[in-house]
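# Geometric and topological summary
Next come the chains, spelled out residue by residue.
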Amino acid sequence: MRIIFDNIIFSLQNAGGISVFWYEIIKRALNDNEIEPIFLEYPNKNNFRQLIEIRQKNILNSNSKIPLSILRYFNPKIRNETGIFHSSYYRTAKSSTLSNITTIHDFTYEYYRKGPAKYVHAWQKEKAIKNSDLIVCVSENTKEDLLKFNPDINEQKIRIVYNGVSNAYQIINSEKYLKDLITFRKSEYALYIGDRKSQYKNFHLATKACKKTNTPLVIIGGGQLSKTEFSFLNLTLGKANYIHLTGIENNILNVLYNNALCLLYPSLYEGFGIPVVEAQKAGCPVIAVNRASIPEIIGPVSTLINNPSIDSISEMIKQLKNNTEFVNIQIEIGLKNANRFSWDKCYYDTKRVYKEFYDKFC
């Protein structure tokens with residue numbers, strides 16, 4: 001099967017959830033004898049792109065004088081190619097000899113963004129959806145959102161392929177490594193991962209719940225802390241009760257998951273929520289909100305809260321601190337649930353979508 005992979009996401013971000021997904025898919029495609037991978041590429045400094053080697057003969061010439069800030073919204077014109085075109089970020093190929101597959105990750109912009117960025121993103125996504133022969137959604141909830149915002153789409157064109165989780169996440173005897181990373185002890189601290197600025201992520205609620213329960217907070221990623229964030233954290237928790245780490249690798253994050261009291265993930269909306277499964281696979285309980293895709297992904301745990309607030313998050317933290325049996329049950333449920341997801345399975349299911357369509361039309 002000849003698949004043209006559009007690596008545009010690597011030029012739009014240096015890291016991030018979609019970059020992880022795309023890296024895991026194309027890494028496997030490059031080692032699959034049944035796939036003939038061709039890549040459309042642009043200049044980038046993406047962390048994950050640097051981890052894979054693509055031969056020049058497998059890269060299409062994409063020389064263009066149009067700035068990437070504009071080019072990202074253009075559907076590429078690809079000549080003399082047949083097969084399937086799969087873009088990493090909402091583009092379709094202008095070609096009568098190529099079939100288009102689009103992966104939909106979420107509808108965050110449509111629900112929570114405002115102004116021009118929202119409308120430009122929604123316009124590009126809608127255009128890709130309408131011009132695609134098959135659409136892959138990363139969860140049933142994302143499929144529901146797709147049909148909500150695009151009710152005219154034929155549901156028969158939609159497939160569900162769940163994201164995966166790295167094998168780097170697992171239970172290990174790692175307490176001895178913790179002291180080299182942070183000053184907090186095992187089961188003393190909570191983790192918060194990713195975006196802090198979007199209001200729907202509820203970072204401020206998580207932080208204030210840590211204050212109320214005297215729980216140190218380890219913040220991972222999400223960009224450098226701003227002066228406003230430093231001020232908020234210093235005032236709320238105190239300098240000695242939080243730490244911010246960026247650019248950490250999977251094995252280091254696994255140590256932090258293994259030794260954390262819990263992952264605080266009070267987001268109101270996720271298309272999938274990869275950190276939820278990462279934490280579960282490493283034996284870390286997850287406090288999350290019973291909304292969007294989270295109940296579908298997290299499994300039958302008892303740490304979901306219906307209405308995120310300082311009090312509701314605090315009460316769940318206290319329960320984890322004071323009830324060892326409850327913690328052990330949540331860990332056991334999480335480990336079993338995490339077995340549902342892997343990047344190998346994600347790739348296999350994606351390849352099955354390719355093959356289904358290829359055998360019929362290519």
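Here's what I pulled together on the structure shown here.

Rules and cut-offs
Every chain begins its residue count from 1, and numbering advances along the sequence as written. Reporting of local features is limited, given that this is a predicted model, to residues whose pLDDT is at least 70; pairs of side-chain atoms are given and counted only at 80 or more, and all residues count toward the totals for whole chains, interfaces and linings. Hydrogens and water molecules were not included; the side-chain quantities draw on all heavy atoms of the structure. Every axis corresponds to a line fitted to the C-alpha atoms, with the helix fit spanning only the stretch in contact, and the corresponding angles, defined between N-to-C directions, vary from 0 to 180 degrees. A run of DSSP states H or I qualifies as a helix once it reaches four residues; a run of E qualifies as a strand once it reaches two. Both are numbered from the N-terminal end. In these notes the angle categories are as follows: under 35 degrees is roughly parallel, over 145 is roughly antiparallel, 65 to 115 is roughly perpendicular, and the rest is oblique. Here is the rule for handedness: rotate from the far helix to the near one, and if that takes an anticlockwise turn smaller than a right angle the crossing is left-handed, while a clockwise turn gives right-handed. Any two residues whose heavy atoms approach within 4.5 Å are treated as being in contact. Just so you know the grouping, Ala, Val, Leu, Ile, Met, Phe, Trp, Tyr, Cys and Pro go in nonpolar, Asp, Glu, Lys and Arg go in charged, and all remaining residues, Gly too, go in polar. Burial status follows relative accessibility: with a 1.4 Å probe on protein chains alone, a residue under 20% of its type maximum counts as buried, one over 50% as exposed, and anything between as partly exposed. Each Phe, Tyr or Trp ring, with Trp reduced to its six-membered ring, pairs with another whose centre is within 6.5 Å; inter-plane angles below 30 degrees give stacked pairs, above 60 give edge-to-face pairs, and intermediate values give tilted ones. Either the NZ atom of lysine or the CZ atom of arginine qualifies as a charge over a ring when it sits within 6 Å of the ring centre and within 35 degrees of the ring normal. We define a polar contact as two N or O atoms separated by no more than 3.5 Å, with the added condition that, inside protein, one atom must be a possible hydrogen donor and the other a possible acceptor, whereas residues neighbouring each other in sequence contribute only through side-chain atom pairs. Residue types Ala, Val, Leu, Ile, Met, Phe, Trp, Tyr and Cys, when buried and joined through side-chain atoms within 4.5 Å, form a set referred to as a nonpolar core. For salt bridges, the criterion is a side-chain nitrogen of Lys or Arg within 4 Å of an Asp or Glu carboxyl oxygen. Strands are labelled as partners when DSSP assigns at least two bridges between them.

Right, let's get into the packing of helix α8 (residues 203–212) against helix α9 (residues 227–236). For the pair α8 and α9, the least separation of the axes is 10 Å and the interaxial angle reads 25°. By the angle between their directions, the pair α8 and α9 is classed as roughly parallel. With respect to the hand of their crossing, α8 and α9 are arranged in right-handed fashion. For the pair formed by α8 and α9, the contact residues are F203, H204, T207, K208 and K211 on the first element and F232, L233 and T236 on the second. The class makeup of the residues in the contact of α8 with α9 is 3 nonpolar, 3 polar and 2 charged.

On to helix α6 (residues 140–149), then. At 3.6 residues per turn, the α-helix brings residues three or four places apart onto the same side. Among all positions of α6, only N141, T142, K143, D145 and L146 are buried. In this fold, the buried residues of α6 make contact with β5 (98–104), α4 (108–112), α5 (115–130), β6 (134–137), β7 (158–160) and α12 (294–298).

What follows deals with helix α10 (residues 250–259). Burial analysis of α10 places 7 of its 10 residues in the buried class, which makes it a mostly covered element. Here α10 has its buried residues at L253, N254, V255, L256, Y257, N258 and N259. Contact partners of the buried residues in α10: α7 (175–178), β8 (190–193), β9 (217–220), β10 (242–245), β11 (262–265) and α11 (274–281).

Let's shift gears to the packing of aromatic side chains. Summed over all chains, the structure comprises 20 aromatic pairs. Ring centres 6.2 Å apart and planes at 50° place the aromatic pair Y112 and Y269 in the tilted group. With a gap of 157 residues between them, Y112 in helix α4 and Y269 in the loop between β11 and α11 connect regions that are remote in the sequence. Classification of Y112 as partly exposed rests on a relative accessible area of 34%. Looking at Y269, the relative accessible area reads 4%, which means it is buried. Members of the aromatic cluster, each reached through a chain of ring pairs, are F5, F21, W22, F39, W343 and Y354. Here the guanidinium or amino end of R113 rests over the ring plane of Y109, the centre of that ring lying 4.5 Å away. In this structure, K125 is placed above the aromatic ring of F107, and the distance from its NZ or CZ to the ring centre is 4.2 Å.

The next thing to look at is the packing of helix α13 (residues 310–322) against helix α14 (residues 324–338). Put simply, α13 and α14 touch, their axes get as near as 5 Å, and they point 100° apart. As far as their axial angle goes, α14 and α13 are roughly perpendicular. Listed contacts from α14 to M316, Q319, L320 and N322 of α13 are T324, F326 and V327. Classifying every residue of the contact of α13 with α14 by side-chain character gives 4 nonpolar, 3 polar and no charged.

This next bit is on the environment of F203. Among the secondary structure elements, F203 is positioned in helix α8. The exposure class of F203 is buried, given its relative accessible area of 2%. Put simply, F203 and I248 are 45 residues apart on the chain and 20 Å apart in space, counted from C-alpha to C-alpha.

Once that is clear, we can look at the side chain of R2. In this fold, R2 is placed in strand β1 (residues 2–6). At 2.8 Å, the side chain of R2 and the side chain of E81 are in polar contact. Ignoring anything within four residues of it in the chain, the contact list for R2 reads E36, I38, E81, T82, G83, I84 and Y358.

Attention now moves to the nonpolar core. Counting residues in hydrophobic clusters, the biggest one holds 85 residues, and the most contacted among them are F5, Y189, L191, Y257, L263 and Y354. Setting aside chain neighbours within four positions, we find Y257 in contact with Y169, L191, I193, L263, P275, E278, A279, A282 and C284. Within the second largest apolar cluster, 25 residues are counted, among which are A190, F203, A206 and L233.

Moving on to the pattern of salt bridges. All chains considered together, the criterion is met by 20 salt bridges. A salt bridge links R28 to E24; the nearest nitrogen and oxygen atoms lie 2.6 Å apart. Within this pair, R28 and its partner E24 are both found in helix α2 (residues 17–29), separated by 4 residues, close to a single helical turn. The residues R28 and E24 share a single accessibility class, namely buried. One salt bridge in this structure joins R196 and E229, with 2.8 Å as the shortest N-O distance. Of this pair, R196 sits in the loop between β8 and α8 while E229 sits in helix α9, and the two are 33 residues apart along the sequence. Using a relative accessible area of 3% as the deciding quantity, one classes R196 as buried. Several salt bridges converge on common partners, so that one network encompasses E24, K27, R28 and D344.

What follows covers the sheet that holds β10. Taken together, 6 strands build an open sheet; the order of strands is β10-β9-β8-β11-β12-β13 and the sheet is parallel. Looking at which strands have only one partner, the edges of the open sheet turn out to be β10 and β13 (304–305). Summarising the sheet, strand β12 (residues 286–289) and β13 pair through 2 bridges and their orientation is parallel. In the strand pairing of β13, V289 is matched with I305. On top of the sheet, α10 reaches β8, β9, β10 and β11; it is set at about 140° to β8, its chief contact.

From the geometry alone we can't say anything about function, so treat these as descriptive.
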